[in-house]
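The residues making up each chain are set out below.
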Amino acid sequence: MAKLKPTEDIHPLSDFRSNAAAFVERVRKTGRPVVLTQRGRSAAVLMDVAEYEALVEELELLRDIRTAEKQLATGKGVSPTAARRRIRAVLKR
């Protein structure tokens, strides 16, 4: 993900309302998200769709890794040999 530049990428929601198309174009060109503020506090983030999808994929992968680590820690893991056996059995069906 592109690095946020606070001086350029944080804007009041009122600016976004009056210039939504320009904000969308800026996000597309730079790849950087825009943080929208309301009453001086962060309220929303506008980001490129491809960047969002990549972020979601990474988050899902990290969740899968965390689940696998917990399973291994509690003895629910499967040896590589057993895993190969299971995969081959599924593929033969």
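Residues numbered from 1 in each chain as written. Predicted model: local features only at pLDDT ≥ 70, side-chain atom pairs only at ≥ 80, totals over all residues. Heavy atoms only, no water.

### Quick look at the side chain of Asp9
Reasoning step 1: Turning to its location among the elements, Asp9 is positioned in helix H1 (residues 6-9).
Reasoning step 2: Within polar-contact distance, the side chain of Asp9 engages the side chain of Arg32 at 2.7 Å. (Helix = DSSP H or I, 4+ residues; strand = E, 2+ residues; numbered from the N terminus. Polar contact = N/O pair within 3.5 Å; in protein donor to acceptor, adjacent residues only side chain to side chain.)

### A closer look at the pattern of salt bridges
Reasoning step 1: Applying the stated rule across the entire model yields two salt bridges.
Reasoning step 2: Linking Arg32 and Glu8 is a salt bridge whose minimum nitrogen-to-oxygen distance equals 2.9 Å. A residue pair is termed long-range when its members are at least 10 positions apart, and Arg32 in the loop between helix H3 (20-30) and strand E2 (34-38) and Glu8 in helix H1 qualify at 24 residues.
Reasoning step 3: Accessibility expressed as a relative area gives 11% for Arg32, which makes it buried. (Salt bridge = Lys/Arg side-chain N within 4 Å of Asp/Glu carboxyl O. Buried < 20%, exposed > 50% of the residue type's maximum accessible area, 1.4 Å probe, protein only.)

### Digging into the pairing of E2
Reasoning step 1: Among the five residues of E2, four are classified as buried, and the element is accordingly described as predominantly covered.
Reasoning step 2: Looking at chain direction, strand E1 (residues 10-12) and E2 are connected through three bridges and run parallel. Pairing of Pro12 across the sheet is with Thr37, part of E2.
Reasoning step 3: Direction of pairing for E2 relative to strand E3 (residues 41-46): antiparallel, over a ladder of five bridges. Paired with Val35 across the two strands is Val45, which belongs to E3.
Reasoning step 4: Following E2, the chain reverses through two residues before pairing antiparallel with E3; Arg39 in that reversal takes a positive phi of roughly 55°. (Pairing = 2+ DSSP bridges.)

### Some remarks on a nonpolar patch on the surface
Reasoning step 1: There is a patch of nonpolar side chains on the surface, built from Leu61, Leu62 and Ile65 and spanning about 270 Å² of accessible area.
Reasoning step 2: With respect to the helices, strands and loops of the structure, Ile65 is situated in helix H4 (residues 49-73). (Patch = residues over 30% accessible without salt bridge, like charges linked within 9 Å, V, L, I, M, F, W, Y side chains within 5 Å. Areas by Shrake-Rupley, 256 points an atom, 1.4 Å probe, with all protein chains shown as cover.)

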